[in-house]
Amino acid sequence: MVASADAPFADPFRREIVGHRKSIRSVAWNVAGRKLASGSVDHTARVYDVEHGVRGGRDVELKGHGDAVEHVCWDPTSPSALATISSDKTLRLWDVRSGSSCVATVATAGDPINVVYRPDGAVVAVGDRDDVISFVDVRTREVLRTHKFPREVNELAWDAEGATLYCTTGQGTVEVLAYPDLKPLRTIEAHTHSVYCVAFDHERHRYALGSADALVSIWDAAEDVCLRTIARVESPVRSVAFSRDGRFVAAGGEDARIDVARVSDARSSNEAHSARPGVVTRIGADRYLADVVDASPSSPAADRGSSASPFPLSSKYLAHVSAVSSLGSNLIANVALSPACTNR
């Protein structure tokens, strides 16, 4: 199949990146779409300068966590500010321009599983395994407040203004809260089974949900109306992500395949296969596509769903990041360059 504007990754070039010593929990691209961050069971996070190559001397290893790094998230207003959370019950903030130095460490009450910046970069929301969300002021490093949910909460996302928080649940719903008072605004009856993941497009005009019912649904963010569904993933959907231009949405599940669909009509753009068999636990989208595949049968993500890290999808690059803890492999990232987009 020849690559085209509607199937940009049909015949890509590939590049391999090796990094962590143990399996990966999360990957994410920065706002500029040029750096890829990853978090691992080896207690570290790493930042890769993908475009200049892993041997360009620009990659950074972030040390300091005392347990697995469960999720990484970039500040949407800064290409160098990164947040990481760990099973050591801390949130760490980093400025990757200063190398591997941690800017701040904030203790969390529970075992965190996901973190997401508000669009203005001023606050991060941290969700934990006890279904408690903590809101942390990035400037003062203070926990502003916490909110306990009466039911399982899997993943979090903000609307465009940062005034509304979307929380996916184990009951197949999305609970929408006002911020900062956290008043419940509405409950969206989205899927018949647990909703594992949520992602907004770059302009936050639409959002996608991935569910245990093996469906991806695409929603209008202004009206919370479902526009269309994608049913090609043959297993519970663990992660979803939009391309930077909003034209494509990618979804990954338990069969180590990534479905890339056109948002306009849900038709397949092409199917991307991960490097190893396993569960696609993370997807993030920007100028690239990157995913985490964990072949470990005891992966926490397989129990609770994706906690949020992305597998960046863009109209120009596709990057597969595979972590196979059962085989003891390092992080392997296959960066696929689409010939159809090289001249854009």
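Structure: see above.
Being a predicted model, the structure only gives us computed values, none of them experimental. (Residues numbered from 1 in each chain as written. Predicted model: local features only at pLDDT ≥ 70, side-chain atom pairs only at ≥ 80, totals over all residues. Heavy atoms only, no water.)

So, about unusual backbone geometry. Working note: non-glycine residues mostly have negative phi, and peptide bonds are mostly trans. The step from Tyr179 to Pro180 runs through a cis peptide bond, and the omega angle for that step is 15 degrees. Looking at the secondary structure, you find Pro180 in the loop between strand 16 (173-178) and strand 17 (184-189). Unusually for a residue other than glycine, Asp131 sits at a positive phi of about 65 degrees. When you line up the elements, Asp131 lands in the loop between strand 11 (123-128) and strand 12 (132-137). (Helix = DSSP H or I, 4+ residues; strand = E, 2+ residues; numbered from the N terminus.)

As enumerated under the stated definition, the model contains 13 salt bridges in all. Here Lys63 makes a salt bridge to Glu61, at a shortest N to O gap of 3.6 Å. Judged by relative accessible area, which is 22%, Glu61 ranks as partly exposed. Its salt-bridge partner being Arg129, residue Asp111 comes within 3.3 Å of it at the nearest N-O pair. In this pair, Asp111 is assigned in the loop between strand 9 (102-107) and strand 10 (112-117) and Arg129 in the loop between strand 11 and strand 12, connecting sequence segments 18 residues apart. Sharing partners across several salt bridges, the network here consists of Arg21, Arg46, Glu61 and Lys63. (Salt bridge = Lys/Arg side-chain N within 4 Å of Asp/Glu carboxyl O. Buried < 20%, exposed > 50% of the residue type's maximum accessible area, 1.4 Å probe, protein only.)

Right, let's get into empty space enclosed by the protein. The full count for this structure, using the stated rule, is two cavities of 30 Å³ or more. In terms of lining, the second largest cavity is formed by Ile113, Asn114, Gly127, Asp128, Asp131, Ile133, Val153, Asn154 and Leu156. Elements represented by at least two residues in the lining of the second largest cavity include exactly strand 10, strand 11 and strand 14 (153-158). A per-element tally of the lining of the second largest cavity places strand 14 first, with three residues. Per-class residue counts for the lining of the second largest cavity are four nonpolar, three polar and two charged. (1 Å grid on protein atoms, 1.4 Å probe; cavity = no way out; pocket = protein on both sides within 12 Å on 5 of 7 lines; lining within 4 Å. Points joined across faces, edges and corners; volume = space filled by probe spheres on them. Nonpolar A, V, L, I, M, F, W, Y, C, P; charged D, E, K, R; others polar.)

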